[in-house]
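One letter stands for each residue in the lines below.
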Amino acid sequence: MISISDTAQAHFCKLLEKQEPDTNIRVFVVNPGTPSAECGVSYCPPDAVESTDTTLEFNGFDAVVDAESVPFLSEAEIDFVTDQMGSQLTLKAPNAKARKVDDNAPLEERINYMIESEINPQLASHGGKVMLAEITDKGEAILQFGGGCNGCSMVDVTLKDGIEKQMLAQFPGELTAVKDATEHEAGEHSYY
């Protein structure tokens, strides 16, 4: 579930030496499965371990994870890196904002997972986001752009050269096209 590098394990051991005996670390997600999900690591004294927690054994300590955070920490990685700016712990949890779905889950669930875990994090740097509006009988994914994408002159390039290519490669034989909801629905405010 969680991978902790050797350097991070050594760092945790050094930190835990200064704590009361049998203190471990707790890895958690605040607001899991939401766009505002945040991951963290804290000390976990022995009396703070709950019966529903998952305990993962590492070299010299245990990592304790609460039941709610477990599915969102799948494929999480903790590392301790040193560069010219100093040293720091890094925690990467690609599934914190969206629970990972099985490969055989319904297409809509797999598309929504891809949007939350891969596409929206890229759009977020520009204040944008996208959501799945529908999947047509023809296998077209109809997306609704929002946030910074509204009115952006690059939305068509983002859709055709970025999102559509990613989604068609991810779901071959299941999706035939990816379209913007405004492209799909002509109305009195649509421009052509």
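First, a word on what this report is: a plain description of the structure on this page.

Reading the values: rules and limits
- Residues numbered from 1 in each chain as written.
- Predicted model: local features only at pLDDT ≥ 70, side-chain atom pairs only at ≥ 80, totals over all residues.
- Heavy atoms only, no water.
- Pairing = 2+ DSSP bridges.
- Helix = DSSP H or I, 4+ residues; strand = E, 2+ residues; numbered from the N terminus.
- Axes fitted to C-alpha atoms, helices over the stretch in contact; angles between N-to-C directions.
- Contact = heavy atoms within 4.5 Å.
- Core = buried A, V, L, I, M, F, W, Y, C linked by side-chain atoms within 4.5 Å.
- Buried < 20%, exposed > 50% of the residue type's maximum accessible area, 1.4 Å probe, protein only.
- Phe/Tyr/Trp six-rings, centres within 6.5 Å; stacked < 30°, edge-to-face > 60°.
- Left-handed = near helix turned anticlockwise from the far one by under 90°.

As for the sheet that holds strand β2 (residues 24–30)
Here's step 1: Read from one edge to the other, the open sheet built from four strands follows the order β3-β2-β5-β4, with strand pairing classed as mixed. A single partner strand is all that each edge strand has here, and the edge strands are β3 (38–44) and β4 (54–58). Neighbour-to-neighbour, the strand axes of this sheet turn through a mean angle of 25°, independent of strand direction.
Here's step 2: As paired elements, β4 and strand β5 (residues 61–65) share five bridges and run antiparallel to each other. By the bridge assignment for β5, F58 is matched with F61.
Here's step 3: Sheet strands in contact with helix α1 (residues 6–16) are β2, β3, β4 and β5, and its direction is about 95° off that of β5.

Points about the nonpolar core
Here's step 1: Counting residues in each nonpolar core, the largest one holds 20 residues, and the members touching the most others are I2, I4, I25, V27 and L73.
Here's step 2: Contributions of two or more residues to this core are made by β1 (2–4), α1, β2, β4, β5 and β6 (76–83).
Here's step 3: Not counting residues within four places of it along the chain, the set of residues in contact with I4 comprises Q9, F12, I25, F58, F61, A63 and I78.

Quick word on the packing of aromatic side chains
Here's step 1: Within this structure, the stated rule accounts for two aromatic pairs.
Here's step 2: When the centroid spacing of 5.6 Å and the interplanar angle of 65° are considered together, the rings of F12 and F61 count as edge-to-face. Within this pair, whereas F12 is found in helix α1, its partner F61 is found in strand β5, the two being separated by 49 residues in sequence. One exposure class covers both F12 and F61, and it is buried.
Here's step 3: Between the aromatic rings of F58 and F61, the centroid separation amounts to 5.7 Å while the plane-to-plane angle is 20°, which identifies the pairing as stacked.
Here's step 4: Chaining the aromatic ring pairs together yields one cluster made of F12, F58 and F61.

Considering the packing of helix α2 (residues 107–124) against helix α3 (residues 155–170)
Here's step 1: Between α2 and α3, whose axes approach to 12 Å, the crossing angle comes to 145°. By crossing handedness, the relation of α2 to α3 is classed as right-handed. Contacts between α2 and α3 involve I111, M114, E118, I119, Q122 and L123 from the former and T158, I163, Q166, M167 and Q170 from the latter.

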